[in-house]
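The lines below spell out each chain.
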Amino acid sequence: MIEEKSSKKLINWLGLMGVIAFISYTVAIVFSPLAFPGYNWMEQAASDLSAESAPSRMLWNQLSAFYQVGNVVAITCVSIYVSENKISTRLFRVGIYLFTIMNWISSVGYTMFPLSDSGKDIGGFQEIMHMIVTAAVVLLSIVSLILLIIAGCKKKEVRGTGIWAAIALAMMFMGPIGMAAFPPEYFGVFERFSTFSAVGFNAILGLYLFGGFRKAR
């Protein structure tokens, strides 16, 4: 046990940034509405809390600070680790790379193009670019998770990652399905299934990195 602990490198410890990012995002989701009078979390999107005109924008930025940094740091370290150590199959690694690209697009894209008005219709350039970023994030998320699920089905050493990817994908689809099946008053509830799916899976990959992907070697 002592030898295993001493063998951990800095890159393994940085995997815990994924967990910290998940906690930071959760705290921001829960407490930012306190600075947004009239905000209805069951009806409104989480992105409304960080919109340029939102009264909760400053609190959101403060509470989600570790989320913004931690997500990218953790998943980038995961990509570097699986690449350098040739973890599992090429299909598995490509899935990780695509998920990493998705996180970079999400972090940079939403910072550059936040919603200008919370809870308003999509109309201006800022809102359109926000939706384009969202489309890219969703597409890359789906493709990367499917690749990881397939890799998990083919190789038992990464089956655990494949199962978590399947759970994340199911949560991601639960969002739009719920939005279509239930009244608009519950849009925010199901939208959070989609947003938490990626953040949660990032945390899981960070924990795998912390453990050195032992079973995948």
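Residues numbered from 1 in each chain as written. Predicted model: local features only at pLDDT ≥ 70, side-chain atom pairs only at ≥ 80, totals over all residues. Heavy atoms only, no water.

### Topic: the packing of aromatic side chains
Scanning the entire structure with this criterion turns up twelve aromatic pairs. Centre to centre, the rings of Tyr25 and Trp60 are 6.0 Å apart; their planes meet at 85°, and the pair counts as edge-to-face. Taken together, the residues Tyr25 in helix H3 (residues 17-31) and Trp60 in helix H4 (residues 57-63) connect sequence positions 35 residues apart. For the pair shown, Tyr25 and Trp60 are each scored as buried. Between Phe92 and Phe213, the ring centres sit 6.3 Å apart and the planes meet at 80°, which makes this aromatic pair edge-to-face. Of this pair, Phe92 sits in helix H6 (residues 90-112) while Phe213 is found in the segment after helix H9 (187-210), placing the two residues 121 residues apart along the sequence. (Phe/Tyr/Trp six-rings, centres within 6.5 Å; stacked < 30°, edge-to-face > 60°. Helix = DSSP H or I, 4+ residues; strand = E, 2+ residues; numbered from the N terminus. Buried < 20%, exposed > 50% of the residue type's maximum accessible area, 1.4 Å probe, protein only.)

### Here we look at helix H8 (residues 159-181)
Given 3.6 residues to a turn, an α-helix orients residues that are three or four positions apart in the same direction. Taking 1.5 Å of rise per residue, the 23 residues of H8 would be expected to cover 33 Å, and the 32 Å separating its terminal C-alpha atoms lies within 8% of that figure. Burial in H8 covers these residues: Thr161, Gly162, Ala165, Ala168, Leu169, Met172, Gly175 and Gly178. Where the residues of H8 are buried, they touch H6, helix H7 (125-154) and H9. (Expected span 1.5 Å × (residues − 1). Contact = heavy atoms within 4.5 Å.)

### Focus: the nonpolar core
The tendency in soluble globular proteins is for nonpolar side chains to be buried as a group. Ranked by size, the top nonpolar core spans 30 residues in total, and within it Val78, Phe92, Phe99, Leu145, Phe201 and Phe213 carry the most contacts. Within the residue set of this core, elements represented by two or more residues are helix H5 (65-84), H6, H7, H8 and H9. Among the elements that take part in this core, H7 stands out by supplying eight residues, more than any other. Residues in contact with Phe213, not counting those within four places in the same chain, are Val78, Tyr81, Val82, Ile87, Phe92, Leu205 and Tyr208. Residues Tyr25, Ala28, Tyr39 and Leu49 belong to the second largest nonpolar core, which totals 14 residues. (Core = buried A, V, L, I, M, F, W, Y, C linked by side-chain atoms within 4.5 Å.)

### Overview of unusual backbone geometry
Positive phi outside glycine occurs at Ser88, with the angle close to 55°. Positionally, Ser88 belongs in the loop between H5 and H6. Although it is not a glycine, Phe213 adopts a positive phi angle of roughly 45°.

### Things to note about H3
Compared with an ideal rise of 1.5 Å per residue, which puts 15 residues at 21 Å, H3 spans 21 Å between its outermost C-alpha atoms and is within 8% of the ideal. The complete set of buried residues in H3 reads Met17, Gly18, Ala21, Ser24, Tyr25, Ala28 and Ile29. Down the axis of H3, the buried side of the element spans an arc of 130°, and every buried residue falls inside it. Residues of H3 that are buried in the fold lie against helix H2 (10-13), H4, H5 and H9. (Arc of directions from axis to C-beta.)

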